[in-house]
Amino acid sequence: MVPGALEHVNVTVSDPRKTADRLCELFGWKIRWQGSAIHGGYTVHVGAEDSYLAVYSKDTPGDPAAESYFTRGGLNHIGITVSDLDAVEAKVKAMGYEPYNHADYEPGRRFYFDDEDGIEFEVVSYG
C-alpha cells in the first residue's frame, strides 16, 4: 500500500489575503494561487511546494462555530513544523499574538497561539 500525504486543509477566515500574508511572514511560505471560490467567496492557497493551507472567505460571513474541541468535525488546531522555534515565537509576539502552552516533550518543542479568527496554531520544532 502506498501511504497518503496531506496536501491541503481549507479553513474559513475573515480576510484571506491578510491571513496569507501573515503566514508567509511567519513561516517563509508563498502564495501558490488565489482567486474566486465557491459561494461568491475568495480563496488564497498559501504554503510550500507540496502542501498548503487554503484560506477562504465567503462574501457574507456567518456566525463563528462553537468551541471546536466540542464540535464533531471541528478544527482543533493546525500544526506547523519549523526549524527555529524561538525565531518564529519572536515573530508571533511581534505580530501581537500571545504564545501559550509551551511544551518540551518527545519528539519536539512546541507552543500555540490563536489568530484573530480564533484559529489555533501549534508551532513545533523537531530539531
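The structure we're discussing is the one just above.
Reading guide: rules and limits
Residues numbered from 1 in each chain as written. Predicted model: local features only at pLDDT ≥ 70, side-chain atom pairs only at ≥ 80, totals over all residues. Heavy atoms only, no water. Helix = DSSP H or I, 4+ residues; strand = E, 2+ residues; numbered from the N terminus. Buried < 20%, exposed > 50% of the residue type's maximum accessible area, 1.4 Å probe, protein only. Pairing = 2+ DSSP bridges. Axes fitted to C-alpha atoms, helices over the stretch in contact; angles between N-to-C directions. Contact = heavy atoms within 4.5 Å. Core = buried A, V, L, I, M, F, W, Y, C linked by side-chain atoms within 4.5 Å. Expected span 1.5 Å × (residues − 1).

**A short note on the environment of Gly96**
Within the fold, Gly96 resides in the loop between α2 (85–94) and β6 (100–105). Taking the relative accessible area as the measure of exposure, Gly96 reaches 64% and is therefore exposed. Between the C-alpha atoms of Gly96 and His8, which are 88 residues apart in sequence, the distance is 27 Å.

**Re the sheet that holds strand β5 (residues 78–81)**
Spatially, β5-β8-β7-β6 is the arrangement adopted by the 4 strands of the open sheet, whose pairing is mixed. On the outer flanks of this sheet lie β5 and β6, each paired with one strand and no other. For this sheet, the mean angle separating the axes of adjacent strands, direction not counted, is 20 degrees. Along the sheet face, α2 touches β6, β7 (108–114) and β8 (120–125) and points at about 10 degrees away from the line of β7.

**Points about the nonpolar core**
In this structure, Phe27, Phe113, Phe121 and Val123 are the most contacted members of the largest nonpolar core, which totals 23 residues. The set of elements that each furnish at least two residues to this core consists of α1 (16–27), β3 (41–47), β4 (52–57), β5, α2, β7 and β8. Per element, the largest residue contribution to this core is 5 residues, and it comes from α1. Residues in contact with Phe27, not counting those within four places in the same chain, are Ile80, Val82, Val88 and Val123.

**As for the environment of Ala90**
Along the chain, Ala90 falls in helix α2. Sequence separation between Ala90 and Leu26 is 64 residues, and the spatial gap between their C-alpha atoms is 9.6 Å.

**With respect to α1**
The end-to-end C-alpha separation of α1 is 16 Å, in line with the 16 Å expected for 12 residues at 1.5 Å each. Regarding α1, the residues found buried are Pro16, Thr19, Ala20, Arg22, Leu23, Cys24, Leu26 and Phe27. Phi turns positive, to about 70 degrees, at Gly28, one or two residues after α1.

**Let's talk about the side chain of His45**
Topologically, His45 is positioned in strand β3. Filtering out sequence-adjacent residues up to four positions away, His45 remains in contact with Lys30, Ile31, Arg32, Trp33, Tyr52, Leu53 and Ala54.

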